[in-house]
Amino acid sequence: MQRYTASEADASGATSHTAEYLRVRDLAERGVPNAQHSLGFMYFNGQGVAQSYELAAAWYRQAANAGLEHAQYNLGVMYQKGQGVEQDYEEAARWYQLAAEQGYAAAQYNLGWLYAKGQGIEQDTEQARYWFAKAAEQGDAGAQNNLGMMYDTGKGVPQDFRQAIMWYRKAAEQGYARAQFNLGLRYANGQGVQQDVQQAMSWFRKAAEQGYAPAQFNLALRFDKGDGVPQDSQKAIKWYTAAGEQNHMSSQFNLGLIYDNGHGVPRDERLALAWYRRAAEQGHAAAQNNLGLRYDHGQGVAQDHLEASRWYRKAADQGFPAAQYHLGLLFDNGHGVGLDHHEAIFWYRKAADQGHLRAQFDLGLRYETGQGVPQDLRKAIGWYQRAAEQDYAAAQYMLGQLHDRDDGPAPDVVQANGWYRKAAEQGHTLAQFTLALRYDNGLGVPRDFSAALQWYAAAARQGHARAQLNAGLMYLSGQGVAADATAAWRWLSLAERAGAPGAGRYLAQAASRLNASELALLRTHPDLLPA
């Protein structure tokens, strides 16, 4: 067997290509269309000659004018991409049409795309379907997938999931990754086929293993959430990373979240920051917001409010409500931007109009206090109500307060109590204490000492000093509960340490009802809460 060194082999190959080039050029110059096409191919790829898209286009044109369909197709591609000729979709469509009419499947597929997108030719979904079908019937996998998508969405044809599945399957079985992914989605959703998570995962995996990023992301998401498969953070990270390295933004963002929260892996601020940044630099709004938060709070980076404002604004300009709210906060506090309450209100309103709870709540506060806007209690009630109706406890409490005001625009003790209860049931301490006072004094509700004690105790357990005092007094006096000096002492001891006025005097009364051993035991564990 003849052996060559690397350089000798290269020289041998180059000589062979040059000889072939000379042979083909001779035939091309004599007007042989196939040789003209081959010469164009050689110039296009730099095979046996210096690469030249211009000369490639010139030789393809001669063969195309002679009616050679693959030359017509290649010339169409060059016009579509602007290689060796000025980009011209209309010319691309003209050459594709000539090749397509001769049955050239790749040209039929590309012509279908131009009709679908309206590039160089009037958009026409029926023509797109026609040419995709022509190519699909010849086994073109891309055309089969696109035809499946048209039936899937009902674009240019009546929606028909079964037809979509048929065409997806034809392309998928040829190894076409996008069709494998689409077929997986149909099995996952049970559209056109019986829902089958295992089939879905099988097709997702086939596409993912070919490097198709959306399939890798979908596979990762299922392992991340344990959706149809056992939850597996390591497999999720593997597939997110594979897609993220292909600049799949959502995968990059999710990797940031995983490392940020330590979900299945040790927390790693450096990796979280790196993945957030990669997604943010591609325009992922949630990643831009999270990157802004890190600069805002100095988390994993030096605190930099100006840099935070830059990332918040990028996301805010895309309409991301959390970033709009955070940008408003920077203007409200003059952090990294000039102090400007009017600008803060502008961004709060944008976020609030999209349902952002904190923005709605803060707008309510601004209208209640007149900070940055003329004071308007009716508008305050309106914004609080929007947040309250989404179960935001702080807004529910503030709404109760405004309805509680005799000098307010809408005094209504029943409404006030209703909102206090909603907030209290969510654990809002001030709402719990306020509701307890209402039952204690019969304000807008029947007087009920047992209910009063229930809500005092709820607030007291969260450290509310006056609630601790009142709960202690009820146990001391036996209001709403059997008198219990031990429980009274525990609540009153906590109230005294929290600085509640008068707690010491009542604590002494509770102590006087206990013997020395009982007091000694209580003082051993002074922070133990009553049952």
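Calculation criteria
- Residues numbered from 1 in each chain as written.
- Predicted model: local features only at pLDDT ≥ 70, side-chain atom pairs only at ≥ 80, totals over all residues.
- Heavy atoms only, no water.
- Phe/Tyr/Trp six-rings, centres within 6.5 Å; stacked < 30°, edge-to-face > 60°.
- Helix = DSSP H or I, 4+ residues; strand = E, 2+ residues; numbered from the N terminus.
- Buried < 20%, exposed > 50% of the residue type's maximum accessible area, 1.4 Å probe, protein only.
- Expected span 1.5 Å × (residues − 1).
- Contact = heavy atoms within 4.5 Å.
- Polar contact = N/O pair within 3.5 Å; in protein donor to acceptor, adjacent residues only side chain to side chain.
- Core = buried A, V, L, I, M, F, W, Y, C linked by side-chain atoms within 4.5 Å.

A. Spotlight on the packing of aromatic side chains. One pass over the structure, following the stated rule, counts 17 aromatic pairs. Summarising the aromatic geometry, the rings of Y73 and Y104 are spaced 5.3 Å apart at their centres and angled 50 degrees between planes, so their arrangement reads as tilted. Pair noted here: Y73 is in helix α4 (residues 69-81) and Y104 is in the loop between α5 (89-100) and α6 (105-117), with a separation of 31 residues, a long-range link. Exposure remark for Y73: the relative accessible area of 17% places this residue in the buried category. When the ring of F346 is compared with that of W347, the centres are 5.0 Å apart and the planes differ by 80 degrees; the resulting orientation is edge-to-face. Taking relative accessible area as the criterion, F346 reaches 39% and is therefore assigned partly exposed. W347 sits in the buried class, given a relative accessible area of 4%. The structure contains a cluster of three or more aromatic residues connected by ring pairs, namely Y73, Y96 and Y104.

B. How the structure looks around α5. For α5, which comprises 12 residues, the first-to-last C-alpha distance of 16 Å matches the rise-based estimate of 16 Å (1.5 Å per residue) to within 8%. In this fold, the buried residues of α5 make contact with α3 (53-65), α4, α6 and α7 (125-137). Where α5 begins, the side chain of D88 points an oxygen toward the backbone nitrogen of E90, at a separation of 3.0 Å.

C. Summary view of the nonpolar core. Among the nonpolar cores identified, the biggest contains 172 residues, and Y96, Y384, Y456 and W489 are the most heavily contacted of them. Of the residues forming this core, the biggest block, 9 residues, is contributed by helix α25 (residues 449-461). Residues contacting W489, with those up to four places away along its chain left out, are L507, A510, A511, L514, L519, L522 and R523.

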